[in-house]
Amino acid sequence: MTGSPASGGRYGEDLFEPEHPQEAERIDAAALVYDPFTTDRLRALGPGPGSRCLEVGAGTGTVVRWLLEEAGAAEVVALDRDTGGLGTLAGPRVRVVTADLRDEGLDLGRFDLIHARFVLMHLPERRRLVSRLARWLKPGGWLLLGDAVEVPNPLDTSSAYRRTMDAMWQALRSTIGTDTSDVPAYPHFLREEGLRSVGAELVCPPLVAGGPLARFWSETLDRMRPALEETGRVDSVVIDEALAYLASPRLAELGPGMVTAWGQRP
């Protein structure tokens, strides 16, 4: 994952440094929750033996491994700006590429399947990059995009949890350029690229105290403390209260969800 707003901030540099001792664990906690939804959709789209696949923002490689081991892809290209989490991937069917998706000189060939999850939301150039990814599809190839959306409770505008989550989105945007406002438009973007059989779905996995998603958000918020406080929306007391709530059996929230959109090159 990577991002860059006008201020020059980047995912992995200004926030969520890959060398942090808890970063791989944080990413894997999210993968435990979202991989089943992603692989169910991939299974429905049907990449299989003989297919050439691109995983954008490969992280720790959980989806790459599924494409290799379960789908039986002939080749999987794992692309990320930092590929330190992919050290255990090896073999003739996997190619690890350390590069920035925004690099105009990057040409990885054509693919039967391209998947990017929680990547484009961190990139201000996301609309242009959707066009680029669509051009990398072979005829009949599928593009699958997944990014976060907030589903706030309109009756809750002042709890510690809500204030802290609102501060998080503001801090992400001002620090590294994260913007989820156009994620619901992804199906329209795919149609504008001439893709067919376009579809989309929204999943909101439950936040359960002690569960992987609650751990992911707790670690994320804790790591972002200085940036959260800089927004002026919260202080350390409010953040502590939000973290205690995420670990409490009282936890009952419709947390941020994931929109997945897909389309096929004619």
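For the structure given in this document, a descriptive report is provided here. (Residues numbered from 1 in each chain as written. Predicted model: local features only at pLDDT ≥ 70, side-chain atom pairs only at ≥ 80, totals over all residues. Heavy atoms only, no water.)

1. Quick look at the overall build of the protein
For step 1, the next point in the chain: In terms of helices and strands, the protein carries 8 helices and 7 strands.
For step 2, the next point in the chain: Taking 2.2 N^0.38 as the reference for a compact globule, 266 residues should give roughly 18 Å; the C-alpha atoms of the protein span a radius of gyration of 18 Å, in line with that estimate.
For step 3, the next point in the chain: Considering only C-alpha atoms, the protein reaches an extent of 55 × 35 × 35 Å along its principal axes.
For step 4, the next point in the chain: Within the span of the protein, comprising 266 residues, buried residues form 57% of the whole.
For step 5, the next point in the chain: A sequence separation of at least 24 residues applies to 74% of the contacts in the protein between residues at least 6 apart.
For step 6, the next point in the chain: Counting every atom, the protein has about 11,300 Å² of accessible surface; 52% of that belongs to carbon and sulfur.
For step 7, the next point in the chain: Looking at charge distribution, the protein has the averaged site of its 29 positive side-chain charges lying 7 Å from that of its 38 negative ones. (Helix = DSSP H or I, 4+ residues; strand = E, 2+ residues; numbered from the N terminus. Rg over C-alpha atoms; globule rule 2.2 N^0.38 Å. Buried < 20%, exposed > 50% of the residue type's maximum accessible area, 1.4 Å probe, protein only. Contact = heavy atoms within 4.5 Å. Areas by Shrake-Rupley, 256 points an atom, 1.4 Å probe, with all protein chains shown as cover. Lys, Arg positive; Asp, Glu negative; His and termini not counted. Charge placed at Lys NZ, Arg CZ, Asp CG, Glu CD.)

2. Overview of the nonpolar core
For step 1, the next point in the chain: In this structure, M168, L207, W217 and L228 are the most contacted members of the largest nonpolar core, which totals 35 residues.
For step 2, the next point in the chain: For this core, the elements supplying multiple residues, two or more each, are α1 (23-45), α4 (160-176), α6 (212-223), α7 (225-230) and α8 (236-246).
For step 3, the next point in the chain: Considering each element in turn, this core owes the most residues, 9 residues, to α4.
For step 4, the next point in the chain: Leave out the neighbours within four places in its chain, and L207 touches Y161, L213, A214, W217, L246, L251, E253 and G255.
For step 5, the next point in the chain: Grouped together as the second largest cluster of nonpolar side chains are 32 residues, L108, L120, V149 and V259 included. (Core = buried A, V, L, I, M, F, W, Y, C linked by side-chain atoms within 4.5 Å.)

3. Focus: the pairing of strand β1 (residues 52-56)
For step 1, the next point in the chain: With 5 of 5 residues buried, β1 lies mostly within the body of the structure.
For step 2, the next point in the chain: The two faces of β1 match: R52, L54 and V56 on one face and C53 and E55 on the other face are all buried.
For step 3, the next point in the chain: As defined by bridge partners, β1 adjoins strand β2 (residues 75-80) across 5 bridges and the pair is classed as parallel. When the bridges of β2 are listed, R52 appears paired with E75.
For step 4, the next point in the chain: Considered for its hand, the β-α-β crossover made up of β1, helix α2 (residues 62-69) and β2 is right-handed.
For step 5, the next point in the chain: Examined bridge by bridge, β1 and strand β4 (residues 111-117) share 4 bridges and lie parallel to one another. (Pairing = 2+ DSSP bridges. Right-handed = clockwise from strand over helix to strand, strands pointing away.)

4. A word on the packing of α1 against α6
For step 1, the next point in the chain: Between α1 and α6, the least distance of the axes is 8 Å, while the angle of their chain directions is 145°. Relative to α6, α1 is oriented so that their crossing is left-handed. Of the residues in α6, those touching α1 at E23, R26, A29, A30, L32, V33 and Y34 are P212, L213, R215, F216, E219, T220 and R223.
For step 2, the next point in the chain: Looking at the contact of α1 with α6 residue by residue, the classes come out as 8 nonpolar, 1 polar and 5 charged. (Axes fitted to C-alpha atoms, helices over the stretch in contact; angles between N-to-C directions. Left-handed = near helix turned anticlockwise from the far one by under 90°. Nonpolar A, V, L, I, M, F, W, Y, C, P; charged D, E, K, R; others polar.)

5. Looking at the packing of aromatic side chains
For step 1, the next point in the chain: This model, assessed by the stated rule, comprises 5 aromatic pairs.
For step 2, the next point in the chain: Centroid distance Y161 to Y245: 6.0 Å. Interplanar angle 70°. Geometry classified as edge-to-face. On the criterion of sequence distance, the pair formed by Y161 in helix α4 and Y245 in helix α8 is long-range, its members being 84 residues apart. Residues Y161 and Y245 agree in their burial class; the two are buried.
For step 3, the next point in the chain: Every member of this aromatic cluster is reached through a ring pair, and the members are W169, F216 and W217.
For step 4, the next point in the chain: In this arrangement the basic side chain of R41 is found over the ring face of W262, its NZ or CZ atom lying 3.9 Å from the centre. (Phe/Tyr/Trp six-rings, centres within 6.5 Å; stacked < 30°, edge-to-face > 60°. Lys NZ or Arg CZ within 6 Å of the ring centre and 35° of its normal.)

6. Notes on α1
For step 1, the next point in the chain: With 23 residues, α1 extends 31 Å between its outermost C-alpha atoms, agreeing within 8% with the 33 Å of an ideal straight helix rising 1.5 Å per residue.
For step 2, the next point in the chain: Taking the largest bend as the criterion, α1 deviates by roughly 45°, centred on Y34, and proline P36 comes between one and four positions later. (Expected span 1.5 Å × (residues − 1). Bend = angle between axes of the 7 residues up to and from the residue.)

7. Regarding unusual backbone geometry
For step 1, the next point in the chain: Residue F118 is not a glycine yet carries a positive backbone phi of 55°.
For step 2, the next point in the chain: In this structure F118 comes out as buried when scored by relative accessible area, which is 13%.
For step 3, the next point in the chain: Of note in this structure, S197 is not a glycine but carries a positive phi near 50°.
For step 4, the next point in the chain: Looking at the element boundaries, S197 is found in strand β6 (residues 196-203).
For step 5, the next point in the chain: Overall, the relative accessible area of 43% leaves S197 in the partly exposed class.

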